[in-house]
Amino acid sequence: MTRLPAAPPAPTVSWDDLQIPLPPLPPMPDLPFLPGVPDFWGTPMQWLVAVPALTALAVITLSGRSNRLAAWLGVGGGLVTFLAALWQLVVLVRVDGRHVSGSVGALPLGELTVPLGLQVDWPLGLVAVAVALVALVVQVYGRWYLWYDPRYTVFAATVAAFTAAMLLTVLADDVLLLLIGWEVMGWCSYLLIGHHSTRAAARRAALKALLVTRTADVGVVLGLVVLAAGARTTSLTGIVEHWSGVAEVAGEAGSPGPALTAAMVLLVVGVAGKSALFPFQDWLPDAMEGPTPASALIHAATMVAAGTVVLVHLFPLLAATDPARTLLAVLAAVTMLGAALLAFAQGDLKRLLAWSTVSQVALMLGALAAATPQTGPDAATQHLLAHAWFKALLFLSAGWLGVLVGGTAMAVVASGGRRYRVLRRRFAWGLLALAGVPPFVGFVSKELVLGTAETGAVGAGGPASVVVLAAVGASAPLTAAYCMRAWLVLDRPTLAQQHAATYHTGPVERIDDFFDEPQVVHEAEGVERAEAAITSSARLGTTVLTLMTLLGSVVALLPVWRSDVHLNVQLLLATLVLMAAAALAVWFAARGVRTRDAAARVPARLSLAAERGLGADYAYRLVVATPVLALARAVTWFDGEVLDAWVRGAGAGARLVGRAGDLLTPRRVTPSLAGVLGGMLLVVLVAVVTS
C-alpha cells in the first residue's frame with residue numbers, strides 16, 4: 001500500500017519581512033536658546049497631559065458664555081497637544097524608543113513607594129498621537145456641529161479634560177496616575193453622553209453608562225491595589241518586575257499564585273465594564289444619545305480603548321496568568337460575535353456603528369488574550385490605532401449626513417452617498433477599513449490579530465488563543481456583512497435615478513449642454529449643499545481621517561513593532577474569501593427590497609429584539625437592579641422597624657422608669673433634704689464671712 005506524500009506546509013510570511021525602515025531625522029540645530037529636546041521647557045509627556053487639562057480649565061473660567069472664545073481655546077489647546085505628541089515621537093527617535101519622565105514628584109507614603117512617573121515607548125507614543133489628532137478633529141468638528149448650542153463651552157471643556165485623562169492613562173507609569181485618568185474619563189463620558197440634558201433619553205443613557213462602568217471599576221481598583229500592595233510600589237514598571245518574578249517562581253509549581261490570579265481576574269472584569277464586553281455591553285449603544293462628536297471621541301480614541309491600554313501596560317502579568325487570559329478570551333469572543341450580529345439588524349446608522357465598536361474593541365482585547373510573551377501586545381495596539389482612524393471618520397461622516405437629512409435612521413440616510421457625493425468616498429473608505437479590505441488600515445491590523453492568534457494557537461497560547469482564533473475567523477464575514485448592508489443603503493440610487501432607469505431605458509439621443517443632464521445637475525447640487533452645510537475646517541478634519549484610513553497602513557509597517565508574528569497566507573486568503581462571500585450574500589438579499597436594506601429580510605420580532613439589545617436592559621433589572629432594590633428596602637425596613645425600635649423602646653423605657661420614680665417619691669420636702677440644703681447655706685455663709 002503506497003503512502004500519499006505529505007502535504008506541503010502552508011506558506012507563511014514573517015511580519016519582519018513586511019516592515020519598512022524608519023527614515024532618519026535631520027540633525028537638530030544647535031541654537032543657544034533651544035536646549036536639548038527632552039528638556040525643552042519640560043518633557044513632551046508633561047506637555048501632553050498638562051496642555052489639555054489647562055485648556056479645559058481655561059475654557060470653563062475664561063470663555064463665559066462666548067462660544068467663539070471657547071472654540072479658539074479648545075481648538076488651540078488641541079493643536080498644541082497634537083504638536084506635543086509629534087514632539088514626543090522625535091524624542092523617541094533620539095532616545096532609542098523609550099522615554100521616562102517625572103510628573104509632580106514622588107509622594108512620601110511610608111513603606112509604599114509612589115514615584116508618580118510617566119513612561120512611553122513607540123506603540124504608546126503612536127497611540128498618544130492618534131488620541132491627540134482625533135481629539136483635535138473633534139474639537140474642530142464640534143465648533144461647527146454645536147456652534148449654536150448654549151452648552152458648547154461645557155462640551156469643549158469636557159472634550160479637553162477627556163483628552164487629558166486618556167493621555168494620562170496612556171503615558172502613566174504609576175497606579176495612582178492611571179486611576180486618576182481612568183476615573184476622570186468615566187465622569188467625562190457621563191457629561192458628554194448626557195450633554196442634551198433636557199432629554200430624558202440622554203439623562204438615562206448617561207446614568208446607565210456611569211452606573212455600569214463604575215460598578216465594573218471596582219474590579220480595576222481592587223486589582224491594582226493588590227498588585228501595588230504586593231510590590232510595595234505604585235510604579236507600573238516596578239509592579240511588573242516584582243510580580244513577574246513571583247509568577248516565574250510560582251510557575252514552577254504550575255500556578256502563578258492566588259494573589260496575582262485574583263488581581264488579574266479583577267482587572268479583566270473592570271476592563272470588561274469600561275470596554276463594553278459581555279455582560280456590560282449594553283451601555284455603549286445607548287450612549288448614542290450624546291452629540292455625534294462626543295460619540296466619535298468615546299468610540300474612536302478614548303474610553304472604550306482605555307481598557308486595552310491598561311492591559312498593555314500590564315501585559316507580562318496577563319500573559320503569565322492563564323485564568324485571566326481564558327476569561328478575557330471567552331468574554332471577547334462572545335462579545336465579538338454577538339455585537340457583529342446585532343450590528344447587522346440595527347435600524348439606525350449610529351447604533352450600527354456603536355455595535356461595531358463593541359465588536360472591534362472585543363477584537364483588540366481578544367488579541368491581548370491570544371498573545372504570548374513571544375508575540376507581545378502590539379497586535380492589539382495596532383488595531384486600536386486603526387480603529388481610531390476609521391471609526392472617528394465614520395461617526396463624523398454620519399453626523400454630517402444627519403445634519404443634511406435630519407437624522408441617522410437607516411430610512412432617513414438612505415441614498416445619502418448618492419445625493420451628497422462628497423460624503424460617498426468618506427463612507428466607502430471608512431466601511432472598507434472597518435471590514436478589513438486591503439489595502440486599508442483595518443486589513444493590516446486585523447490580519448496581524450489573526451496572525452497573533454494563530455501563532456498562539458499552534459504555540460504556547462493554550463485554549464485562550466484557540467478561542468480567539470475561532471472568534472476572529474467567524475467575525476470577519478459578519479463584519480463584512482453589516483458593512484455591505486450599510487453601504488447598500490447609503491449608496492441606494494435616488495428616486496430621480498430610479499425613475500430615469502425605469503422610464504428612460506433607451507439611449508439619450510442628444511444632450512445640448514453637458515450641465516443640463518439631470519443626473520449631473522442633481523449631483524452638483526448635492527455636493528454644493530453638503531459642502532455649504534459644514535465649515536471648511538471641519539471638512540478638512542474628516543479629509544485627514546479619510547487619508548489616515550489608507551496611510552495608517554504604512555504606520556503599521558514601521559520597524560517599531562514586535563515582529564515575532566508569522567502570517568499564514570492560506571488563512572489570510574480564506575478569510576478574504578469568506579468576507580467576499582458574506583458581502584455577496586448581503587447583496588443578493590438586498591435585491592428585490594425597495595430600500596436595498598438587506599436587514600428587511602430579518603423577521604420583525606427578531607429585528608426589534610436586536611434593536612433592544614436582546615433584552616439586556618431587562619436582564620440588568622432582573623439580575624442586578626431588582627435584587628439591589630429589594631435588599632435596600634429590606635435594610636430600610638430593618639433599620640426602621642428593628643434598630644429604631646430598640647432606640648424608641650429605650651426612650652420609652654426611660655420615660656416609664658421616670659414616671660414610676662415620680663409616683664413612688666413623695667412630693668413634699670423630706671427632713672433629710674432640708675438638712676442638706678441648710679448645711680450648704682451654712683457653709684456658704686461661713687465662707688463669705690471669713691473671706
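Remember, predicted model here, so these are calculated numbers, not experimental data.

### Observations concerning the overall build of the protein chain
Here is step 1 of the chain: Within the protein chain, the regular secondary structure consists of 28 helices and six strands.
Here is step 2 of the chain: The burial tally for the protein chain puts 51% of its 691 residues in the buried class.
Here is step 3 of the chain: Of the contacts formed within the protein chain by residues at least 6 apart in sequence, a portion of 79% connects residues at least 24 apart.
Here is step 4 of the chain: Here the protein chain displays about 31600 Å² of accessible surface, and carbon together with sulfur accounts for 68% of that area.

### Here we look at the layout of surface pockets
Here is step 1 of the chain: If you add up the space inside the largest pocket, you get close to 660 Å³.
Here is step 2 of the chain: Along its surface, the largest pocket is lined by 20 residues, and Val-212, Tyr-620, Arg-621, Val-624 and Ala-625 are the ones closest to its centre.
Here is step 3 of the chain: When contributions to the lining of the largest pocket are tallied by element, the ones reaching two or more residues are helix H7 (200–231) and helix H27 (616–664).
Here is step 4 of the chain: Residue contributions to the lining of the largest pocket peak at 10 residues, all from H27.
Here is step 5 of the chain: Empty space within the second largest pocket amounts to approximately 480 Å³.

### Some thoughts on the pairing of strand S5 (residues 118–121)
Here is step 1 of the chain: The alternating pattern of S5 places Leu-118 and Val-120 on one face and Gln-119 and Asp-121 on the opposite face, and all of these are buried.
Here is step 2 of the chain: With four bridges connecting them, strand S2 (residues 98–101) and S5 associate as antiparallel partners. Each bridged residue has a counterpart across the sheet, and for Ser-101 the counterpart in S5 is Leu-118.

### Concerning the environment of Ala-58
Here is step 1 of the chain: Inspection of the secondary structure puts Ala-58 in helix H2 (residues 44–62).
Here is step 2 of the chain: With 12 residues separating them along the chain, Ala-58 and Ala-70 place their C-alpha atoms 8.5 Å apart.
Here is step 3 of the chain: In contact with Ala-58, not counting residues within four places along its chain, are Ser-63 and Leu-73.

### Description of the pattern of salt bridges
Between side chains of opposite charge, a pair can form as their charged atoms come close.
Here is step 1 of the chain: Counting across every chain of the model gives 13 salt bridges.
Here is step 2 of the chain: One salt bridge in this structure joins Arg-214 and Glu-183, with 1.9 Å as the shortest N-O distance. Of this pair, Arg-214 sits in helix H7 while Glu-183 is found in helix H6 (residues 175–193), placing the two residues 31 residues apart along the sequence.
Here is step 3 of the chain: A salt bridge links Asp-491 to Arg-424; the shortest N-O distance between them is 2.7 Å. Here Asp-491 is found in the loop between helix H21 (462–490) and helix H22 (495–503), whereas its partner Arg-424 is found in helix H19 (residues 421–435), with 67 residues between them in sequence.
Here is step 4 of the chain: Given the relative accessible area of 7%, Asp-491 is considered buried.
Here is step 5 of the chain: Judged by relative accessible area, which is 25%, Arg-424 ranks as partly exposed.
Here is step 6 of the chain: Connected through salt bridges with shared partners, the residues Arg-204, Lys-208, Asp-282, Asp-286 and Arg-351 form a single ionic network.

### Remarks on the confidence of the model for the protein chain
Low pLDDT means the predicted coordinates in that region are not meant to be read closely.
Here is step 1 of the chain: With 86% of its residues at a pLDDT of at least 70, the protein chain reaches an overall mean of 85.
Here is step 2 of the chain: Mean pLDDT in the protein chain bottoms out at H22, which sits at 49, and peaks at helix H5 (residues 152–171), which reaches 96.
Here is step 3 of the chain: Note on residues 31–40: pLDDT under 50 across the span, and 12 contacts to partners over four residues away in sequence or across chains.
Here is step 4 of the chain: With pLDDT under 50 throughout, residues 499–518 is counted as low confidence; its partners more than four residues away or in other chains account for seven contacts.

### Observations regarding empty space enclosed by the protein
Here is step 1 of the chain: Evaluation of the coordinates by the stated rule reveals five cavities of 30 Å³ or more.
Here is step 2 of the chain: The computed volume of the largest cavity comes to approximately 130 Å³.
Here is step 3 of the chain: Among the secondary structure elements, those contributing two or more residues to the lining of the largest cavity are helix H15 (349–370), helix H20 (441–458), H21 and helix H25 (569–590).
Here is step 4 of the chain: Among the elements that make up the lining of the largest cavity, the one with the highest residue count is H21 (four residues).

### Overview of H20
In an α-helix, one turn spans 3.6 residues; hence positions three or four apart end up facing the same way.
Here is step 1 of the chain: End to end, H20 covers 26 Å across 18 residues, agreeing with the expected 26 Å (1.5 Å per residue, within 8%).
Here is step 2 of the chain: Burial analysis of H20 places 15 of its 18 residues in the buried class, which makes it a mostly covered element.

The rules we used
All chains use their own residue numbering, which begins from 1 and follows the written sequence. For this predicted model, a pLDDT threshold of at least 70 governs which residues receive local features, and a threshold of 80 or more governs which side-chain atom pairs are given and counted, while totals over whole chains, interfaces and linings are taken from all residues. Heavy atoms throughout the structure, all of them, feed into the side-chain values; hydrogens and water do not. Helix and strand definitions here come from DSSP, where helices need a minimum of 4 consecutive H or I residues and strands a minimum of 2 consecutive E residues; each element is numbered from the N-terminal end. Three labels apply to residues, based on accessible area from a 1.4 Å probe with only protein chains included: buried if under 20% of the type maximum, exposed if over 50%, partly exposed otherwise in between. Any two residues whose heavy atoms approach within 4.5 Å at even a single point are treated as in contact. With residues, only the protein chains shown are counted as cover, and all accessible areas are computed by Shrake-Rupley using a 1.4 Å probe. Computed over the protein atoms alone on a 1 Å grid, cavities are sets of points where a 1.4 Å probe fits but cannot get out and pockets are open sets with protein on both sides within 12 Å along at least five of seven lines; a residue lines them when it has an atom within 4 Å of a point. Grid points are joined across faces, edges and corners, and a volume is the space filled by probe spheres set on the points. At least two DSSP bridges between two strands are required for those strands to pair. Salt bridges are identified by distance alone: a Lys or Arg side-chain nitrogen within 4 Å of an Asp or Glu carboxyl oxygen. Every residue carries a pLDDT, the predictor's confidence in it, which falls somewhere between 0 and 100. Between the first and last residue of a helix there are one fewer steps than residues, each counted as 1.5 Å, and that sum is the expected span.

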